[in-house]
Amino acid sequence: ALLAPASSESGGGLASQYGGLASLAGMSLPKGETTTAQTAMAVMQSRKFLSEFIAENKLKQQLFFKQWDADNAEWVQSFSLIGTIKGWFASDAPAGPLYEGQEVLEPGEPSMWNTVKLFSGMLSISEGKDDGMITVSIEWTDPVQARDWVTALINRVNTQMRVQQIEESQKTINYLQEQLQNTQLVEIKTVAYK
């Protein structure tokens, strides 16, 4: 997918005042703040976001299709010497999670860590240096399925970013309303209402 990030004009600063002159000279001035597009790119590559995306879309069985027995709806256990030894030690361990948040897996099921690692290796997110366009792609055996995953990934990050911006805006509004109630100066109230 080729994405054009939403532009947000921010005034002030030397970078915005002299950016045009610097680009004519073949230089680029450093940007002072992170754009929403850069934040979205970082979110899309985060382990937490990818874990939630994989769980919501039930991608573990699709990503590890060789280890998933669709007919019996169970994971295929691979028997190896190391796995057998680990199984002996695990059977002596107390049942249940050892710590809060530990993932409980079925026999033969790959962990979410391995699933995110595999998915991250397939996912490519890059920003064009000249035009600022963002390219998101997934390399997979089925191109239609890869396209659907890219579309779902973009929709989810857009929703998450929108919700995050609404929450931040609501916090700002609540703070300003609090300050309006605490101040007695009419001039400050007028500025705050604007």
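Since the structure is predicted, the reported quantities are computational estimates derived from the model, not experimental observations.

Rules behind the numbers
Residues numbered from 1 in each chain as written. Predicted model: local features only at pLDDT ≥ 70, side-chain atom pairs only at ≥ 80, totals over all residues. Heavy atoms only, no water. Helix = DSSP H or I, 4+ residues; strand = E, 2+ residues; numbered from the N terminus. Buried < 20%, exposed > 50% of the residue type's maximum accessible area, 1.4 Å probe, protein only. Contact = heavy atoms within 4.5 Å. Areas by Shrake-Rupley, 256 points an atom, 1.4 Å probe, with all protein chains shown as cover. Polar contact = N/O pair within 3.5 Å; in protein donor to acceptor, adjacent residues only side chain to side chain. Expected span 1.5 Å × (residues − 1). Salt bridge = Lys/Arg side-chain N within 4 Å of Asp/Glu carboxyl O. pLDDT = per-residue confidence, 0-100. Axes fitted to C-alpha atoms, helices over the stretch in contact; angles between N-to-C directions. Parallel < 35°, antiparallel > 145°, perpendicular 65-115°, else oblique. Left-handed = near helix turned anticlockwise from the far one by under 90°. Nonpolar A, V, L, I, M, F, W, Y, C, P; charged D, E, K, R; others polar. Arc of directions from axis to C-beta. Core = buried A, V, L, I, M, F, W, Y, C linked by side-chain atoms within 4.5 Å.

J.: Summarise the overall build of the chain; cite the residues concerned and give the values.
T.: Of the regular secondary structure elements, the chain holds eight helices and five strands. Put simply, the chain has 194 residues, and 21% of those count as buried. Sequence separation of at least 24 residues holds for 63% of the intrachain contacts in the chain that already meet a minimum separation of 6. When the accessible surface of the chain is split by element, carbon and sulfur atoms take 56% of a total near 14,500 Å².

J.: If you had to explain the side chain of serine 51 to someone new, which residues and values would you point to?
T.: When you line up the elements, serine 51 lands in helix α3 (residues 47-56). What makes serine 51 buried here is its relative accessible area of 13%. A polar side-chain atom of serine 51 sits 2.8 Å from the main-chain carbonyl oxygen of arginine 47. Residues in contact with serine 51, not counting those within four places in the same chain, are Met112 and Val116.

J.: An account of helix α7 (residues 143-182) is requested, with residue identities and associated values reported.
T.: In this model, α7 (40 residues) spans 59 Å end to end at C-alpha, consistent with the 58 Å of a helix rising 1.5 Å per residue. If you check which residues of α7 are buried, you get Ala146, Trp149, Val150, Leu153, Ile154, Arg156, Val157, Met161 and Leu180. Measuring from the backbone nitrogen of valine 144 back to the side-chain oxygen at the start of α7 gives 3.2 Å, which picks out aspartate 142 as the cap.

J.: Explain the pattern of salt bridges to me, and be specific about the residues and the numbers.
T.: Inspection of the entire model under this criterion finds five salt bridges. The salt bridge partner of aspartate 148 is arginine 147, with a shortest N-O separation of 3.0 Å. A relative accessible area of 48% means that arginine 147 is categorised as partly exposed. The structure contains a network of salt bridges with shared partners spanning Lys48, Glu52, Glu56 and Arg156.

J.: I'd love a proper account of the confidence of the model for the chain, names of residues and values included.
T.: Keep in mind that low pLDDT regions are not for reading the predicted coordinates in detail. Per-residue confidence for the chain gives a mean pLDDT of 79; residues scoring 70 or more make up 73%. Confidence drops under a pLDDT of 50 for residues 9-29, and excluding neighbours within four residues, the segment shows eleven contacts in the predicted structure.

J.: Residue-level account of the side chain of glutamate 109, with values.
T.: For glutamate 109, the location among the structural elements is in the loop between α5 (81-92) and α6 (112-122). For glutamate 109, the side chain forms a polar contact with the side chain of lysine 60, separated by 3.1 Å. With sequence-adjacent residues up to four places away left out, glutamate 109 is seen in contact with Lys60 and Trp75.

J.: Describe the packing of α3 against α7, with residues and values.
T.: The contact between α3 and α7 brings their axes to 11 Å, and the two run at 120°. With respect to α7, the axis of α3 lies oblique. The handedness of the crossing between α3 and α7 is right-handed. Residues Phe49, Leu50, Glu52, Phe53 and Glu56 of α3 form the contact with α7, whose own contacting residues are Trp149, Ala152, Leu153, Arg156, Val157 and Gln160. Partitioning the contact of α3 with α7 into residue classes produces seven nonpolar, one polar and three charged.

J.: Before we move on, can you summarise helix α2 (residues 36-44) with the specific residues and values?
T.: Along α2, the positions that sit buried rather than exposed are Ala37, Ala40, Met41, Val43 and Met44. An end-on view of α2 places all buried positions within 160° of arc, on one side of the element. Buried-residue contacts for α2 involve α3, β4 (123-127), β5 (134-138) and α7.

J.: Requested: an account of the nonpolar core, with residues and values cited.
T.: Of all hydrophobic cores here, the largest spans 30 residues; its most connected members are Leu63, Phe119, Val136, Ile138, Trp149 and Leu153. Breaking this core down by element, the ones donating at least two residues are α2, α3, α6, β4, β5 and α7. Sorting elements by how many residues they give to this core places α7 first, with seven residues. Not counting chain neighbours up to four residues away, the residues in contact with isoleucine 138 comprise Phe119, Met122, Leu123, Ala146, Trp149 and Val150.

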